[in-house]
Amino acid sequence: MTLADAVPLPPTEPRRPRRRAAAIAGIVGVAAVVGGGAWAWQVWAAQGPQPAEALPADTLAYVAVDLDPPGGQKVAAYRALKRIPSLAKELGIGSQDDLRKSLVESIAEDGGCDLPWREVEDWAGDRGALAVVPLEEPALVVALQVSDPDGARRGLAKVADSCGDDEFGFTVGDGWAILAETDEIAEQVRADAKDADLAGDQDFKELTGATGDPGVVTLYAAPEAGQALLDVNEEFPFLAFAAYSPLSSLDPVSALITSATFLSEFSEVIDVEAGGGEVEMPEMSPEEEALWGRMDNYDELTRAEQKELDKELADFYEEKYGEDQPLDAESSDEESFDEESLDDEFEAMFEIPEETRKALEDFSGLGGSARFDHGGVELEVVGDPFLTGYEGMYDGTAARDALAVLPADTVVAFGAGFADGWAERAITRGSLLSFDSSEADLISSFEDATGLTPGDLEALGGDTVAFAAKAGFEKAIDHGPAKDVTIAARVTGDPAKIEAALAKVAAKKNVADFASSVRTDDGVVIGPNPSYLAELVDPDETLGGSDGFEDAVSDAKDALAIAYVDLGAGHWLRDLVGGEVEAADVDALSTFAMSVVAEGDQYRYVARLAFE
């Protein structure tokens, strides 16, 4: 059983609520400012008309694409995408003009129903945006540049006629088409933008201007977006997922802590629910399995096919369970299915933690830009520290130094310096799947799973930590014993305290093989492979002397956290992903680096993917 299997089914008429949920999820999913931003804003504005001019000033979230950016980025973007054959094929990119088609199709696919390229190719411009606007309830809209207003009206009218009522609406004027769920919403957005547009909003100018040179993609989340997400949390509790940063996937410390706590909590829940035995899930009927099998390819269906599948699923479960009916017609009254009670349990399980709630209330916004050059693509974001998940976890400017002393043949690395009191916060800051546990429960579960108190964990982490992996780790993980896995952590700090805390972890079942350690001149290295630990203690060459590493993190000397991946070193990435990625796609990549720098009350996040 997966998490998707456990999520309650949508209502029998899911279109409007689901679109509203998507709109709100987009608020945060897309998620020296004044001084430096003023200059950057002037450059940005010189690009020409932008979708922000067609959207109201109180827009909550905004993702814009510009296929005619300055500095030769259009050519660079085309060449970069062509370097990755499967992506170029998926997007249908045979020439630079095909980028327009890809832009329109990708941006417009959430505008209400299918928008065939043949209906827009004669009038669609080079710019477009998805946005969430705060009407009576937040609405997802599209702004699309128009070169021929009359042609746009004719083409969009055909689309509207084929979609039916309350599925697709639009209005055209002033160089832009606004697409929405209804004509009324589109017209309201256009009218509100005439009164005050997003391009003139001070928050928008400061946040997007703070990210430097303009690019192909512009991101924005308004300060009000955090509260908007909270406002709909009661109706859509699963949107709590949108409150958590994707950067957590690049943070091995948080991942390890969350895994230990979650597995302990989950095992307790299973034990209680099953009376110490295994939970038996009801088997699906062939019809039910067929429906969910079609859901596996949901994203590949047309809008009409998605609507039909939504209806079939809703009708199936309405017929199967009805209103307040038992889960199984043959079940006794005691085993009847209480849908309301189940919903309450899920809402409690996914409730936004108090710390996260406060962070959303105080959210200060986000601005971002994605830029192409002839060497790769770069995403730069300036915004609320909450978005990274690193606030209170990492601090200082030692991340680069922590990585620079690793062996030069390191292919995956993450380095950071810890903030005071980081350990307790990391354990208790609120896992989405903490099953409504209190902070004391989370600490207790973590101690049960690892043998460590928050104080022990802080001692184990030392002052800075650098995780490293050498090519070959990917094969050893799947097929070799622990002692062959070339993954380790280099911790700086008091070696006696680090080793004392490590001994507690090593006493736990199945952990000792991974907890070998060797002292260095400034701390301890920890890992399962003795030979690799020796390399970490005294490497022949270091990352700090590597041109690839230096180029990737050249702007990260003051970073509080850095992730680095050498994608072009041998075939380790191909071996790791197996047949999931084409070899030609992997061979086109050189390095990936991500850094987070604290700048006053905001964080600057820079991610760069370089090509061979």
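Up top you'll find the structure we're talking about.
Everything quoted here is computed from the prediction, not taken from an experiment.

Criteria and cut-off values
- Residues numbered from 1 in each chain as written.
- Predicted model: local features only at pLDDT ≥ 70, side-chain atom pairs only at ≥ 80, totals over all residues.
- Heavy atoms only, no water.
- Core = buried A, V, L, I, M, F, W, Y, C linked by side-chain atoms within 4.5 Å.
- Buried < 20%, exposed > 50% of the residue type's maximum accessible area, 1.4 Å probe, protein only.
- Contact = heavy atoms within 4.5 Å.
- 1 Å grid on protein atoms, 1.4 Å probe; cavity = no way out; pocket = protein on both sides within 12 Å on 5 of 7 lines; lining within 4 Å.
- Points joined across faces, edges and corners; volume = space filled by probe spheres on them.
- Helix = DSSP H or I, 4+ residues; strand = E, 2+ residues; numbered from the N terminus.
- Nonpolar A, V, L, I, M, F, W, Y, C, P; charged D, E, K, R; others polar.
- Arc of directions from axis to C-beta.
- Polar contact = N/O pair within 3.5 Å; in protein donor to acceptor, adjacent residues only side chain to side chain.
- Phe/Tyr/Trp six-rings, centres within 6.5 Å; stacked < 30°, edge-to-face > 60°.
- Axes fitted to C-alpha atoms, helices over the stretch in contact; angles between N-to-C directions.
- Parallel < 35°, antiparallel > 145°, perpendicular 65-115°, else oblique.
- Left-handed = near helix turned anticlockwise from the far one by under 90°.
- Pairing = 2+ DSSP bridges.

**Student:** So, the nonpolar core: which residues are in play, and what are the values?
**Tutor:** Core analysis: the biggest nonpolar cluster contains 44 residues, and Val253, Tyr390, Tyr394 and Trp422 have the highest contact counts within it. Contacts of valine 253, omitting those with residues within four sequence positions, involve Met393, Tyr394, Phe418, Trp422, Val465 and Phe467.

**Student:** Describe the layout of surface pockets, and please don't skip the residues or the numbers.
**Tutor:** A volume near 1500 Å³ is recorded for the second largest pocket. If you go around the second largest pocket, you meet 47 residues; those closest to its centre are Pro252, Val253, Leu256, Phe467 and Ala489. Top contributing element to the lining of the second largest pocket by residue count: helix H11 (residues 252–274), with 7 residues. Classifying every residue of the lining of the second largest pocket gives 39 nonpolar, 6 polar and 2 charged.

**Student:** Which residues make up helix H22 (residues 530–537), and what values go with them?
**Tutor:** Along H22, the residues that are buried comprise Tyr532, Leu533 and Leu536. Angularly, the buried residues of H22 cover 105° about the axis, an arc narrow enough to put them on a single face. Within H22, the exposed residues directed more than 90 degrees away from the buried face are Pro530 and Ser531. Those residues of H22 hidden inside the fold are in contact with strand E9 (410–417), strand E10 (464–470), strand E11 (487–492), strand E12 (516–519) and strand E13 (523–527). With a side-chain oxygen positioned 3.0 Å from the backbone nitrogen of serine 531, the residue opening H22 is asparagine 529.

**Student:** Let's hear about the packing of aromatic side chains: which residues, and what values?
**Tutor:** Throughout the structure, instances matching the rule amount to 9 aromatic pairs. Ring centres of tyrosine 390 and tyrosine 394 lie 5.3 Å apart, and the angle between their planes is 80°; this geometry places the pair in the edge-to-face category. Taken as a pair, tyrosine 390 and tyrosine 394 share a single burial class, namely buried. Ring pairing ties together the aromatic residues Tyr390, Tyr394, Phe414, Phe418 and Trp422, which thus form one cluster.

**Student:** Tell me about the packing of helix H19 (residues 454–461) against helix H21 (residues 495–506), residues and numbers included.
**Tutor:** Across the interface, H19 lies against H21 with an axial gap of 7 Å and an inter-helix angle of 125°. One element, H19, and the other, H21, form an angle in the oblique class. Like other packed secondary-structure pairs, H19 and H21 cross with a definite hand, here left-handed. Across the interface between the two elements, Asp456, Ala459 and Leu460 from H19 touch Lys497, Ile498, Ala501, Leu502, Lys504 and Val505 from H21. Taken together, the residues of the contact of H19 with H21 break down into 6 nonpolar, no polar and 3 charged.

**Student:** Break down the pairing of strand E4 (residues 169–173) for me, citing the residues and quoting the values.
**Tutor:** Most of E4 is tucked away, with 5 of its 5 residues classed as buried. The alternating pattern of E4 places Gly169, Thr171 and Gly173 on one face and Phe170 and Val172 on the opposite face, and all of these are buried. As paired elements, E4 and strand E5 (residues 176–180) share 5 bridges and run antiparallel to each other. Residue valine 172 lies in a different strand from E5, and its bridge partner there is alanine 177. Between the end of E4 and the start of E5, which pair antiparallel, lie 2 residues, with aspartate 174 showing a positive phi angle near 55°.

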